[in-house]
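Fold and geometry: a report
What follows is each chain in one-letter form.
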Amino acid sequence: DVKVTQSSRYLVKRTGEKVFLECVQDMDHENMFWYRQDPGLGLRLIYFSYDVKMKEKGDIPEGYSVSREKKERFSLILESASTNQTSMYLCASRSQVGTDTQYFGPGTRLTVL
Amino acid sequence: EDQVTQSPEALRLQEGESSSLNCSYTVSGLRGLFWYRQDPGKGPEFLFTLYSAGEEKEKERLKATLTKKESFLHITAPKPEDSATYLCAVRLRTPGGGADGLTFGKGTHLIIQP
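In what follows, the accompanying structure is described. Sequence order sets the numbering: in each chain, residues are counted from 1 along the sequence as written. Each chain gets a letter, beginning with A, and each ligand a number, beginning with 1, in the order they are written. In view of the model being predicted, local features appear only for residues whose pLDDT reaches at least 70, and side-chain atom pairs are presented and counted only at 80 or more, with totals across whole chains, interfaces and linings using the full set of residues. To obtain the side-chain values, all non-hydrogen atoms of the structure were included, while hydrogens and water were left out.

This part takes up the interface of chain A and chain B. Note on definitions: a residue-residue contact is assigned when non-hydrogen atoms from the two residues lie within 4.5 Å. On the chain B side, the residues contacting the 21 residues of chain A number 19 residues. When two components associate, each loses some accessible surface as probed by a 1.4 Å sphere; the sum of these losses over both components is called the buried area. Buried area between chain A and chain B, summed over both chains or domains, comes out near 1,600 Å², and the portion from carbon and sulfur atoms is 53%. When the area that chain A buries against chain B is broken down by residue, the three leading residues are A:Leu43, A:Asp100 and A:Phe104, summing to 32%. A side-chain nitrogen of Lys or Arg and a carboxyl oxygen of Asp or Glu constitute a salt bridge if their distance falls within 4 Å. Of the charged contacts in the structure, one is a salt bridge between A:Asp100 and B:Arg31, with a shortest N-O distance of 3.8 Å. Polar contacts, as counted here, are pairs of nitrogen or oxygen atoms within 3.5 Å of one another; within protein the pair requires one atom able to donate a hydrogen and one able to accept it, and residues that are adjacent in sequence qualify only if both atoms are side-chain atoms. Summed over the shared surface of chain A and chain B, the result is eight residue pairs in polar contact (both at pLDDT 80 or more). Partitioning the side of chain A that touches chain B into residue classes produces 11 nonpolar, seven polar and three charged. Here the term charged refers only to Asp, Glu, Lys and Arg, the term nonpolar to Ala, Val, Leu, Ile, Met, Phe, Trp, Tyr, Cys and Pro, and the term polar to all other amino acids, Gly among them.

Structure below.
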């Protein structure tokens, strides 16, 4: 079974804080993704990485950065959290070969006060 | 602009009452269409991938079909445990063939009443 884990289920931070969201997958997948999910807007792609140290902007990268130092780990960084970054954050991974399927983690619900 | 539209936004059925959820897409270069199920407060759970018009996939009470413009998720004799939000997403062909994300619809919130 593919397993994608995220470091926290719930997180509360203050405006201006630096926030790290961690994601780990155990299937040796090359590709990893960060999405945010908001009511009425659905899931939107923030950043993705197709291999270690590689990163590409998604549809809404403003205010975020990412880090992929190891194949199994993909971090999302909010340099200076703002209230409009309150959201559900979902990480996913996918193998570069074979199936196109993205497997999602359980999500981190981030609240910025 | 590439778009994925799901309908209805919400659907309430009685247990055993079959129905269909729709996902229409206007994209150039479809590489795959995906269906996920999402329970409240959890990450999406993969259900099906469809690649070409005419393709069908089945799993228990669910059956997904694909045409050139839309996909349907048919639910036959649903049970209360089928209650969830069902998400449709597309993956597009990229010129370089590299990695890319999914474009999601906003989902259909399905409630099955006992």
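Residues and elements named next belong to chain B. Defined by distance alone, a disulfide is two cysteine sulfur atoms within 2.5 Å. Applying the stated criterion to the full structure yields two disulfides over all chains. Disulfide pairing places Cys 23 opposite Cys 88 at an S-S distance of 1.9 Å. What sets the handedness of the Cys 23 and Cys 88 disulfide is the S-S torsion sign, and at about -60° it is left-handed. Of the two residues, Cys 23 sits in strand S3 (residues 19-26) while Cys 88 sits in strand S9 (residues 84-92), which places them 65 residues apart along the sequence. Each residue gets one of three labels from its accessible area relative to the maximum for its type: buried under 20%, exposed over 50%, partly exposed in between, using a 1.4 Å probe on protein chains only. Here Cys 23 falls in the buried class, since its relative accessible area comes to 0%. On the basis of relative accessible area, Cys 88 is assigned to the buried category, the value being 0%. Numbered from the N terminus, helices here are DSSP runs of H or I no shorter than four residues, and strands are runs of E no shorter than two.

So, on to the sheet that holds strand S3 (residues 19-25) of chain A. Residues and elements named next belong to chain A. Paired strands, in this sense, are two strands between which DSSP finds at least two bridges. One open sheet holds the four strands; their spatial order is S1-S3-S8-S7, and the pairing between them is antiparallel. Taken across any chain shown, the strands that pair with only one partner, and hence form the sheet edges, are strand S1 (4-6) and strand S7 (64-70). Between one strand and the next, the sheet's axes are offset by a mean angle of 20°, whatever the strand orientation. Two elements, S7 and strand S8 (residues 73-78), share five bridges in a ladder whose sense is antiparallel. Bridging across to S8, Val 66 finds its partner in Leu 76. What counts as an axis is a line fitted to C-alpha atoms, over the stretch in contact for a helix, and the angles between N-to-C directions run from 0 to 180 degrees.

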